[in-house]
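# Notes for the structure review
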Amino acid sequence: QVELVESGGGLVQPGGSLRLSCAASGSISSIGTMSWYRQAPGKQRELVARIASGGTTNYVDSVKGRTTISRDNAKNTIFLQMNSLKPEDTAVYYCHANALAVGGSRWLYYWGQGTQVTVSS
């Protein structure tokens, strides 16, 4: 079983910064692409950024230039550095990973429980 735990959310003023972390733990054999999604009230969950095991990254257009995703493979952890935050960034941010558990035969997708980010003055 693989567990994802996010941290780093909170309340920040417009123009401020936050750094989210997501640590994967459990019986992990290998982890592939890890991602951050977000879901604002009344909206569908959307992909914010993703990073492959080799480091290739992708971002949704709305966060390009002010957000950086990174990963520490040794610690099975990813980060999301968000700068110049806007009220429209307010959402619950979820970590997502494609992983192979020890003894498992299939790569599965896992979700974290989410962390709230609120951008407001």
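Here's what I pulled together on the structure shown here. All values reported here derive from a predicted model rather than from experimental measurement.

On to the sheet that holds strand β1 (residues 2–7). Spatially, β1-β3-β8-β7 is the arrangement adopted by the 4 strands of the open sheet, whose pairing is antiparallel. Edge positions in the sheet fall to β1 and β7 (67–72), since each has one partner strand and no second. If you compare each strand with its neighbour and ignore which way they point, the axes differ by 15 degrees on average. Sheet topology places strand β3 (residues 18–26) next to strand β8 (residues 77–82); 6 bridges connect them, and they run antiparallel. Bridge pairing in β8 places Arg19 opposite Gln81.

Attention shifts here to the nonpolar core. The nonpolar side chains of a soluble globular protein tend to be buried, and buried together. Leu4, Met34, Trp36, Leu80, Met82 and Tyr93 are the most contacted members of the largest nonpolar core, which totals 30 residues. Among the secondary structure elements, those contributing two or more residues to this core are β1, β3, β4 (28–39), β5 (46–51), β8, β9 (91–101) and β11 (115–119). For this core, the element with the most residues is β9, which contributes 6 residues. Here Met82 is in contact with Gly16, Ser17, Leu18, Leu20, Arg66, Thr67, Tyr93 and Val117, once residues within four sequence places are set aside.

By the secondary structure assignment, Thr115 is in strand β11. One polar contact links the side chain of Thr115 to the main-chain amide nitrogen of Gly9, over a distance of 3.3 Å. If we ignore the near neighbours within four places in the chain, the residues touching Thr115 are Glu6, Gly8, Gly9, Leu20, Ala91, Val92 and Tyr93.

Next up on the list: the state of the cysteines. As enumerated under the stated definition, the model contains 1 disulfide in all. Bridging Cys22 to Cys95, the disulfide has an S-S length of 2.0 Å. Because the sign of the S-S torsion sets the handedness, a value of about -80 degrees for the bond joining Cys22 and Cys95 places this disulfide among the left-handed ones. You can see Cys22 sitting in strand β3 and its partner Cys95 sitting in strand β9, a full 73 residues away along the chain. A relative accessible area of 0% places Cys22 in the buried class.

What follows covers the pattern of salt bridges. In this structure the tally under the stated criterion is 4 salt bridges. In this structure, Arg38 engages Glu46 in a salt bridge whose closest nitrogen and oxygen atoms are separated by 2.7 Å. Residue Glu46 is classed as partly exposed on the basis of its relative accessible area, which comes to 31%. Two residues, Arg38 and Asp89, come together in a salt bridge whose shortest N-O distance is 3.0 Å. Of the two residues, Arg38 is situated in strand β4 and Asp89 in the loop between β8 and β9; the sequence distance between them amounts to 51 residues.

Scoring rules and cut-offs
- Sequence positions are assigned chain by chain, starting from 1 and proceeding in written order.
- Given that the model is predicted, a residue must reach a pLDDT of at least 70 before its local features are reported, and side-chain atom pairs must reach 80 or more before they are shown or counted; all residues, however, enter totals for whole chains, interfaces and linings.
- With hydrogens and water stripped out, all remaining heavy atoms of the structure feed into the side-chain values.
- The pairing criterion is simple: DSSP has to find at least two bridges between the two strands.
- A helix here means a DSSP run of H or I that spans at least four residues, while a strand means a run of E at least two residues long, and both kinds are numbered starting from the N terminus.
- Only the stretch in contact is used when fitting a helix axis, every axis being a line fitted to C-alpha atoms; angles between N-to-C directions are given from 0 to 180 degrees.
- We call a set of buried residues a nonpolar core when its members are Ala, Val, Leu, Ile, Met, Phe, Trp, Tyr or Cys and they connect through side-chain atoms within 4.5 Å of each other.
- Here's how the labels work: a residue is buried when its accessible area is under 20% of the maximum for its type, exposed when over 50%, partly exposed in between, all with a 1.4 Å probe on protein chains only.
- The contact criterion used throughout is that any non-hydrogen atoms of two residues lie within 4.5 Å.
- The term polar contact refers here to a pair of N or O atoms within 3.5 Å; inside protein, the definition further demands a hydrogen-donor-capable atom paired with an acceptor-capable atom, and it admits residues adjacent in sequence only when both atoms are side-chain atoms.
- Disulfide: a pair of cysteine sulfur atoms within 2.5 Å of each other.
- In the sections that follow, a salt bridge refers to a side-chain nitrogen of Lys or Arg positioned within 4 Å of a carboxyl oxygen of Asp or Glu.

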